[in-house]
Structure formats: C-alpha cells, structure tokens
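Observations on chain architecture
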Protein chains: 2
Amino acid sequence: MRVRIHVTPKSGVLDPQGKAIGNALTRLGFQGIGDVRAGKIIEVQLEAPDADAAKNQAKVMCERLLANKVIENYVIEVLNE
Amino acid sequence: MRVRIHVTPKSGVLDPQGKAIGNALTRLGFQGIGDVRAGKIIEVQLEAPDADAAKNQAKVMCERLLANKVIENYVIEVLNE
C-alpha cells in the first residue's frame, strides 16, 4: 500500500518559508500574490492488509514523527495497493 | 484564486530526505517500510480572472522558481475562488 501524507502549517501559524516564497514571486514580477503557505508531502510505501489499516498506520507515523501537531495539520490519502 | 502546487522528486532521482524519513520510521519500530519520497506543497493566493488563467500563472511560477524541472515534477490544482 502507498499512502500520501500532506503536512501543512495550521492557519495562524507563522510560515516563514511560505512568506519567503511569496516575496520571491513578487520580486520576480508576479503581481497580486497574496498569502503563500508551504508544506510537505510524504509518500510512504508500507505493508498493510487494507486501506483502513494503511491509514491507521500512517496516522501513527504522523503523530510520532511526521507532523508537529502543535503547529501542523496532516491529511492522509491512501493511493492504491 | 488559490492554487495548490505539489512538487515531488522525479522517480529515479535520489531523495535523501525521503530516505532519512524511511530510516527514522524503521528505527521507531514501523515494519515493512518501503520507498519513501518527500516533496513540497505550496499554496498560493493569486489574482486571476478564471481557473485556467490561475493554472497558467502557477505554471510560470513553477518553471521560474518553485520547481527544478531537472529533478522535480509538479502538479497544479486550482482550489476555488
């Protein structure tokens, strides 16, 4: 099973990487750039009997390692077998 | 308009960040971890008259700044107005 995990900063949390990207885009001449947020995608190949089990396993991975729940949200998507 | 851009390493390109995450998951006791790939999500608020224009603008941003086309793929998703 392959799962894709999206980790994004919670709204209201300062996102310096997103801010830097927004400034760089404006400097490059793009106009009307508003809020920019930067996050991570992590795709993991794991062994699980079904999609639910894969999702649960990915959830534990997020809680323990992949996301900082204080400042980040995560969304788990099971891709296929 | 808000667009979400997914930037991921091309398959075959070495992905040290993904590798490090995979090793860390294995060390934490997760079993059967296979290939892990790490990428970026960038959400940009921009001014565009319609979804097509927003997508085109995001494409130019990817080509010029957000993605390194030699080693990365990108996918653009227009979220809503």
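So, here is what we can say about the structure in this document. Bear in mind that the values here come from a model prediction, so they are computed numbers and not experimental data.

The rules behind these values
- Residues numbered from 1 in each chain as written.
- Chains lettered and ligands numbered in written order.
- Predicted model: local features only at pLDDT ≥ 70, side-chain atom pairs only at ≥ 80, totals over all residues.
- Heavy atoms only, no water.
- Contact = heavy atoms within 4.5 Å.
- Buried area = accessible area lost by both parts, 1.4 Å probe.
- Salt bridge = Lys/Arg side-chain N within 4 Å of Asp/Glu carboxyl O.
- Polar contact = N/O pair within 3.5 Å; in protein donor to acceptor, adjacent residues only side chain to side chain.
- Helix = DSSP H or I, 4+ residues; strand = E, 2+ residues; numbered from the N terminus.
- Nonpolar A, V, L, I, M, F, W, Y, C, P; charged D, E, K, R; others polar.
- Axes fitted to C-alpha atoms, helices over the stretch in contact; angles between N-to-C directions.
- Parallel < 35°, antiparallel > 145°, perpendicular 65-115°, else oblique.
- Buried < 20%, exposed > 50% of the residue type's maximum accessible area, 1.4 Å probe, protein only.

**A few points about the interface of chain B and chain A**
Each partner contributes to the interface: chain B provides 32 residues, whereas chain A provides 32 residues. The junction of chain B with chain A conceals about 2,600 Å² of combined surface from both sides, 64% of it contributed by carbon and sulfur atoms. Across the contact surface, chain B and chain A share two salt bridges. Measuring nitrogen to oxygen at the nearest pair gives 3.6 Å for the salt bridge that ties B:D35 to A:R2. The tally of links between chain B and chain A comes to nine residue pairs in polar contact (both at pLDDT 80 or more). Of all the elements in the fold, those that place two or more residues in the side of chain B that touches chain A are β1 (2-9), α1 (16-27), β2 (36-45) and α2 (51-66) of chain B. Element by element, the count of residues in the side of chain B that touches chain A is highest for β2(B), at ten residues. When grouped by side-chain class, the residues that make up the side of chain B that touches chain A number 17 nonpolar, eight polar and seven charged.

**Overview of the packing of helix α2 (residues 51-66) of chain A against α1(B)**
Where α2(A) meets α1(B), the closest approach of the two axes is 11 Å, and the angle between their N-to-C directions is 100°. With respect to α1(B), the element α2(A) is oriented roughly perpendicular. Contacts from A:M61, A:L65 and A:L66 of α2(A) reach α1(B) at B:I21, B:A24 and B:L25. Residue classes in the contact of α2(A) with α1(B) are distributed as six nonpolar, no polar and no charged.

**Re the pattern of salt bridges**
Residues and elements named next belong to chain B. Taken as a whole, this structure holds twelve salt bridges over all chains when the rule is applied. The partner of K69 in a salt bridge is E63, with the nearest N and O atoms 3.3 Å apart. Relative accessible area serves as the criterion here: at 46%, K69 is assigned to the partly exposed category. With a relative accessible area of 36%, E63 lands in the partly exposed category.

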